[in-house]
Amino acid sequence: MRNVRSLHLSALLSLAIAGCAEGKQADVRAPAPRAGSATTVSGLEGAATIAYDGLGIPAIRAASRLDALRALGVATARDRLFQLDLLRRSSGGRLAEVLGRDLLEADTRQRLYGFPQAARAILARLPASQRAALDAYAEGVNAYLRSAETLPVEVQQLGYRPEPWRPEDSVLVVLGMFNALSVTEDAERTRTVLTRTLPKRVTAFLFEDTDPYTKALLGAHAPATPPLPGEELRALVAESRERAWAAAVLSDDAGEAPVGSNGWAVAGQRTRDGRAILANDMHLELGVPNIFYRAELRYEGREITGVVLPGVPMVIAGTNGHVAWGMTNLDGDAMDLVQIETHPERPGEYRTPAGWKRFDVAQETIAVRGEPDVAVTVRGTIWGRVAPRPLLGAEVAVRWTALDPEGVDLGLLEMDRARSIEEAAAVMNAAGGPGCNVLLADRRGRVAWTVTGRVPRRRGFDGSVSVSWADGRAGWDGYVPAAALPRVVDPPSGFVVNANHRMPLGEGAPALGRDYANGYRAYRITERLREARPVTEADLFALQLDTEARFFDVYRDLALRALDGAALSRRPALAEARRAIAAWDGRADVSGVGLPLLMRFRRALADAVFAAWLGAGRAAEPTLSLALPDIDTPLQRALDERSPDLVPAPEGGWDAFVLAALEKAVTALHEEHGGRPLDQIPWGAVSRVRIAHPLGRAPELAARLNMPDEPLPGCGFCVRLATRTLGASERLVVAPGHEPDGILHMPAGQSGDPLSPHYRDQQRAWVDGRPLPLLSGPATRTLTLVPERR
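Note that this is a predicted model, so its numbers are computed, not measured. (Residues numbered from 1 in each chain as written. Predicted model: local features only at pLDDT ≥ 70, side-chain atom pairs only at ≥ 80, totals over all residues. Heavy atoms only, no water.)

Visitor: Would you mind showing me how to read the overall build of the protein here?
Guide: Looking only at helices and strands, the protein has 24 helices and 28 strands in total. Rg of the C-alpha trace for the protein: 27 Å, near the compact-globule value of 28 Å for 790 residues, within the 12% margin. Considering the protein as a whole, with its 790 residues, one finds that 60% of them fall into the buried category. Considering only contacts within the protein whose residues lie at least 6 apart along the sequence, 72% involve residues at least 24 apart. If the 93 positive side-chain charges of the protein are averaged to one point and the 97 negative ones to another, these points end up 2 Å apart. (Helix = DSSP H or I, 4+ residues; strand = E, 2+ residues; numbered from the N terminus. Rg over C-alpha atoms; globule rule 2.2 N^0.38 Å. Buried < 20%, exposed > 50% of the residue type's maximum accessible area, 1.4 Å probe, protein only. Contact = heavy atoms within 4.5 Å. Lys, Arg positive; Asp, Glu negative; His and termini not counted. Charge placed at Lys NZ, Arg CZ, Asp CG, Glu CD.)

This is how it looks when you write it as structure tokens:
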């Protein structure tokens, strides 16, 4: 029945969109504002205008910040109403209500974690100025809802009307970004399982958080390398042969790029005229419409330009003319899984430092489209909600900054007032959003790196694995003070770089996290910046598009050594593998060959090696996909030894192991590409941009709703990051005070309306790597907002 309903809905949407395209059913399309048209907005203090340029980018002019945010609410709702509704529903656990039972599991997870309750509690604690900003934004969204002549085609065909926007809905959207950026839970589950099932030296080896590229960047600040536990690894390999553990232990996305970003800022000493330039491209899951929305706001003598998250009234990355800012995911540790000690005779109680306490129990009701409501029982502890999944057979509670009323706020709003590096860093350090690295550049040619988001201050443990807090020895003592968060200001190199890697921290600096991204991207960016002087905005945009992929050199060299004359005489079928790999030019360009095979070869090696090393952990927790933050550092260290006892080598020894992995990679690639010769499989046949609308999975809707499926340069380790699901959600390059020279582009377009000319009009520039101006162009239409008559 679910499939029948889904097909019926897809058919309705397809017909509706097709009808609109032919001039029929025109009422499903949101109307463009007429020249000189006016919309009444409750709470508006004075007239405001929204001028749209040729790309549909709104330039908002208002007398006050609150009026500007009201106008932003109107503009965002007009372009992205369906997205706004899905974002709040996704975070609040209410998708099944409009999309059906297929979303019930996702909704249940959100309810079990308590996101709706957290949003209300966070809202109640916000400072008055932040609450006023959310109220104003909600007034703008609701003004559009009241005045809209028609609603988005998706909403009409789903047969519902979006509810009025509430300030807590904006908080829910912020919490959704916490969800998108957090990998802590899976990482802590993996660490806990492996710590309890593997020798201590093996876990230290597996979880080394500083790869060779990062060590080169850190220099004297790099931590010591843990010893390779040869004896223990050999024992694990031998045990794996005896027990014949299953081969698949790594998660499907193990070794792929994490959610993250690139960011760097170049000081005036390295530019042609002393300006400091910021570059930022945030790597997130791509979709239609894009997760970000371009906007310009002018009020009270301030001009703020950049990207906003639909539903949240603040610029996430951009410039105010005095300071420019960008962000990358911190990969910080802001969550702990607290082991729950349940009473052996009274299962409704658990142990706390104050004695036994009953679980808080409540019922959640989830509405399901076309079906009866579903009741879900949720349980809470003094530390947080009980997690949906147990860990090693025991229940755990989730302690997370995102669910703590003291851990979240909208302090980023104050970036409109920052006039210097110091003022901007102070705003960022005090703000309570998702943990991020922050790159800053100011009008005086200065640059800095710091962090934003609350950092837990732990006692009695380091947060790497799940432990009990029942006796009070382990726990959180609030958060690290804003003044204690690290900063790097005006370094001698003349630039700061972060690509989600571990940064150098001064003595006594608080621990921020441990599961950092591999440092290759940061190393490559640093290498290019050291070579370049003076640099311009165009130079930094070109660097954002860099496709060099020397990260894979180690796998190329390993394959070519193994594919010598003797090996090819025994296995002549591998001759084409050697030709393809030898032809690789070290880049991830769409026309290049060899890299598809190297990617498959790397994964075949990793699957075989980690199946042997981690089999005991998988046996202890069979349902867990083991999420190692960096598979390459331990894998390459073992491969460098060339020892058949460290890997599950067959009878032929080391060379046979490498050749078997190559044969597996060759077979897989042939199957995927219809037997095509390996040296005729270009990277563009593997690296494809697939940017889909939430309802675009249906074949009859895909061509109308999704962006074209086409080759895309870049890879998971390139500066131009591109994977199956992740890519640059925007590319920003700007020097504060020189905004007319700035660059900003993003995938898809401003509008979420499939019939709008702005639904996909930025996509071509994004795919082709063409810059678009940061600032909006001449107005093609203007919407005037006026106060309600009293």
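Visitor: What's the story with the pairing of strand β13 (residues 360–368) in this structure? I'm lost.
Guide: In regular strands, side chains alternate between the two faces of the sheet. As paired strands, β13 and strand β14 (residues 371–380) are joined by eight bridges and run antiparallel to one another. Residue pairing for β14: valine 368 is matched across the bridge by glutamate 371. (Pairing = 2+ DSSP bridges.)

Visitor: Can you help me understand the pattern of salt bridges in this one?
Guide: Pairing of side chains with opposite charge becomes possible as their charged atoms draw close. Here the structure, examined in full by the defined rule, presents 64 salt bridges. Between aspartate 477 and arginine 459 there is a salt bridge, and its shortest N-O distance comes to 2.6 Å. Of the two residues, aspartate 477 is situated in strand β20 (residues 475–479) and arginine 459 in strand β18 (residues 456–459); the sequence distance between them amounts to 18 residues. Overall, aspartate 477 belongs to the partly exposed group, its relative accessible area being 36%. For glutamate 548, the salt bridge goes to arginine 524, with nearest N and O atoms at 3.3 Å. Of this pair, glutamate 548 sits in the loop between α15 (537–544) and α16 (553–562) while arginine 524 sits in helix α14 (residues 520–531), placing them 24 residues apart in sequence. Each member of the pair, glutamate 548 as well as arginine 524, carries the same accessibility label: buried. (Salt bridge = Lys/Arg side-chain N within 4 Å of Asp/Glu carboxyl O.)

Visitor: Before we go on, may I ask you to explain the side chain of aspartate 409 in this structure?
Guide: Checked against the element boundaries, aspartate 409 lands in the loop between β15 (396–400) and α13 (421–430). A polar side-chain atom of aspartate 409 sits 2.7 Å from the main-chain amide nitrogen of glycine 432. A distance of 2.9 Å separates polar atoms of two side chains, one belonging to aspartate 409 and the other to arginine 454. (Polar contact = N/O pair within 3.5 Å; in protein donor to acceptor, adjacent residues only side chain to side chain.)

Visitor: I tried to follow helix α9 (residues 184–197) on my own but got confused; where do I start?
Guide: The periodicity of an α-helix, 3.6 residues per turn, causes residues three or four positions apart to be oriented the same way. With 14 residues, α9 should cover 20 Å at 1.5 Å per step; its first-to-last C-alpha distance of 20 Å lies within 8% of that length. The buried fraction of α9 amounts to ten of the 14 residues, a majority that puts the element mostly inside the structure. Inspection of α9 places Thr184, Glu185, Ala187, Glu188, Arg189, Thr190, Arg191, Thr192, Val193 and Leu194 among the buried residues, and these make up the whole buried set. Elements in contact with the buried residues of α9: α4 (104–113), α10 (200–206), β10 (335–339), β15 and α20 (615–620). (Expected span 1.5 Å × (residues − 1).)

Visitor: Looking at this model, I keep getting lost on the environment of serine 729. Mind explaining?
Guide: Along the chain, the position of serine 729 falls in the loop between β25 (726–728) and β26 (731–734). By relative accessible area, serine 729 is classed as buried at 0%. Note: C-alpha distance between serine 729 and serine 261 (468 residues apart in sequence) is 9.3 Å. Among all residues touching serine 729, those that are not within four sequence positions of it are Met282, Leu284, Leu286, Asn290, Ile291, Phe292, Met746 and Pro747.

Visitor: I tried to follow the sheet that holds strand β19 (residues 467–468) on my own but got confused; where do I start?
Guide: Think of a sheet as strands paired side by side through backbone hydrogen bonds, with each pair either parallel or antiparallel. Strands sit in the order β15-β10-β19 across an open sheet of three strands; the sheet is mixed. Only two strands of the sheet have a single partner each, and these edge strands are β15 and β19. Where β10 lies against β19, two bridges are found, and the strand directions are parallel. In the sheet register, glutamine 339 faces β19, and the bridge partner there is serine 468.

Visitor: What is the right way to look at helix α2 (residues 65–92) in this model?
Guide: Taking 1.5 Å as the rise per residue, α2 with 28 residues should run 40 Å; its terminal C-alpha atoms sit only 28 Å apart, a clear shortfall. Its axis deflected by about 95° at arginine 80, α2 carries its strongest bend there. Of all 28 residues in α2, 25 are buried, a share of seventy percent or more. (Bend = angle between axes of the 7 residues up to and from the residue.)

Visitor: Is there a simple way to think about the packing of helix α19 (residues 595–613) against helix α21 (residues 632–641) in this case?
Guide: Angle between the axes and distance between the axes: these two values describe a pair of packed helices. Running from N to C, α19 and α21 cross one another at 90°; their axes reach a closest spacing of 11 Å. As summarised for this structure, α19 and α21 are arranged roughly perpendicular, according to the angle between their axes. Along its contact with α19, which presents Arg602, Leu605, Ala606, Val609, Phe610 and Trp613, the element α21 presents Asp632, Pro634, Leu635, Ala638 and Leu639. In terms of residue class, the contact of α19 with α21 is built from nine nonpolar, no polar and two charged. (Axes fitted to C-alpha atoms, helices over the stretch in contact; angles between N-to-C directions. Parallel < 35°, antiparallel > 145°, perpendicular 65-115°, else oblique. Nonpolar A, V, L, I, M, F, W, Y, C, P; charged D, E, K, R; others polar.)

Visitor: In this structure, what is going on with the environment of aspartate 211? I would like to understand it.
Guide: If you trace the backbone, aspartate 211 turns up in the loop between α10 and α11 (212–218). Polar contacts involving the side chain of aspartate 211 include one to the main-chain amide nitrogen of glycine 519, which spans 2.9 Å.

Visitor: What's the story with unusual backbone geometry in this structure? I'm lost.
Guide: In most cases, non-glycine residues show a negative phi, while peptide bonds are predominantly trans. Across the junction of valine 288 and proline 289, the peptide omega takes the value -5°, indicating a cis bond. Despite not being glycine, aspartate 331 shows a phi value in the positive range, around 55°. Inspection of the secondary structure assignment puts aspartate 331 in the loop between β9 (323–329) and β10. For aspartate 331, a relative accessible area of 7% translates into the label buried. Even without being glycine, aspartate 490 reaches a positive phi, approximately 45°. By secondary structure assignment, the location of aspartate 490 is in the loop between β21 (487–489) and β22 (495–498). Its relative accessible area of 35% is what places aspartate 490 among the partly exposed residues.

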